[in-house]
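Okay, here's what each chain looks like letter by letter:
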Amino acid sequence: MSFKEKIDFQRLPKHIAVIMDGNGRWAQQKGQHRVFGHQKGVDSVRQISEAAAELGIQYLTLYAFSTENWNRPKEEVDALMELLVHTIHAETETLHKNNIRLHTIGNTDSLPESCRRELNDAVERTSRNTRMTLVLALSYSSRWEIMEATKRIAQDSVAGKIDLNTLSADQFSTYLTTAAYPDPELLIRTSGEHRVSNYLLWQIAYAEFYFTETLWPDFGREAFYEAIVDYQSRERRFGKTSAQIVTDPA
Ligand code: FPP
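Residues numbered from 1 in each chain as written. Predicted model: local features only at pLDDT ≥ 70, side-chain atom pairs only at ≥ 80, totals over all residues. Heavy atoms only, no water.

### Describing the overall build of the protein chain
Working step 1: Each helix and strand counted, the protein chain has 8 helices and 6 strands in total.
Working step 2: Starting at the N terminus and walking to the C terminus, you meet the elements of the protein chain as β-α-α-β-α-β-α-β-α-α-β-β-α-α.
Working step 3: Against the 2.2 N^0.38 benchmark of 18 Å for 250 residues, the protein chain shows a C-alpha radius of gyration of 19 Å, consistent with a compact globule.
Working step 4: For the protein chain, the C-alpha atoms occupy an extent of roughly 55 × 50 × 35 Å along the three principal directions.
Working step 5: Expressed as a percentage of the 250 residues in the protein chain, the buried residues total 46%.
Working step 6: Counting only contacts in the protein chain whose residues sit at least 6 apart along the sequence, the fraction spanning at least 24 positions is 77%.
Working step 7: Only carbon and sulfur atoms are counted for the fraction: they give 50% of the accessible area of the protein chain, which is about 13,100 Å².
Working step 8: Mean positive and mean negative side-chain charge positions of the protein chain (29 and 34 charges, respectively) differ by 1 Å. (Helix = DSSP H or I, 4+ residues; strand = E, 2+ residues; numbered from the N terminus. Rg over C-alpha atoms; globule rule 2.2 N^0.38 Å. Buried < 20%, exposed > 50% of the residue type's maximum accessible area, 1.4 Å probe, protein only. Contact = heavy atoms within 4.5 Å. Areas by Shrake-Rupley, 256 points an atom, 1.4 Å probe, with all protein chains shown as cover. Lys, Arg positive; Asp, Glu negative; His and termini not counted. Charge placed at Lys NZ, Arg CZ, Asp CG, Glu CD.)

Pasting the structure below:
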């Protein structure tokens, strides 16, 4: 029996965030170069994006390249950028036909020109799509994002546009790159690492974490369905007691 049949479609998370990890180890285990793992990782990106859209997930955010990833050997960084350009170019029409909107978060100004151009075209081409938003976190780090938000809040305060005494968490969220999305309810990390790695630190305040030993290139549809079933087995209390949740689920 597929895990898909166990999914309660009335209680799907609206937003799933994923840390795609283990491409390098997957390749090395097979005696291949790390870049081969990233290439295989693209197949998983495709499968999970399709599966999420088919289920009715509204937002899927994938950690494709962190600020810290710039410190990898130049050869690997160049290969990842090339793979990104190639993949976006090859997949944009499929995304569009499937009514999926592509967005990016992160310091995309630091990406190579070819990459920025390809991404801008894809974001523009898919901008009116409504079925699901696929967000690629690129040159992203949460501390960078929170710092940027804080600087803009300070500027707006000096300009008299906002009142710091009444600044709320909701208002703070509007300064983040994720302002247009609800917070993820589920965070998946593959490859057995139990870390958050500077990813969506503000936004995952109440997310359920799902860690799996599976390496990203082996993470397919069934593994994704299993993560959602596991998420649905949890009781989300938001600081309340279990008894309160039973009598007052709101
Ligand atoms: C982590 O594995 C993965 C990355 C740093 C890059 C993820 C990129 C892709 C899946 C391909 C391109 C993506 C898109 C959206 C087109 P790792 O290299 O850290 O693996 P390791 O921990 O085993 O070394």
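### Things to note about the pairing of strand β2 (residues 59–66)
Working step 1: For β2, the buried fraction is high: 7 of the 8 residues fall into the buried class.
Working step 2: As paired elements, strand β1 (residues 15–19) and β2 share 5 bridges and run parallel to each other. Opposite Ile16, over in β2, you have Leu60 as the bridge partner.
Working step 3: Relative to strand β4 (residues 132–140), β2 is paired through 7 bridges, and the arrangement is parallel. (Pairing = 2+ DSSP bridges.)

### Quick word on the packing of aromatic side chains
Within a pair of aromatic rings, the relevant descriptors are the distance that separates the centres and the angle that separates the planes.
Working step 1: As enumerated under the stated definition, the model contains 10 aromatic pairs in all.
Working step 2: Ring centres of Phe209 and Phe211 lie 6.0 Å apart, and the angle between their planes is 85°; on these two criteria the pair is classed as edge-to-face.
Working step 3: When its relative accessible area of 30% is taken as the criterion, Phe209 is described as partly exposed.
Working step 4: The class of Phe211 is partly exposed, set by a relative accessible area of 31%.
Working step 5: Feature note: the residues Tyr63, Tyr140 and Tyr199 constitute an aromatic cluster, connected by ring pairs. (Phe/Tyr/Trp six-rings, centres within 6.5 Å; stacked < 30°, edge-to-face > 60°.)

Read these as geometric descriptors, not functional statements.
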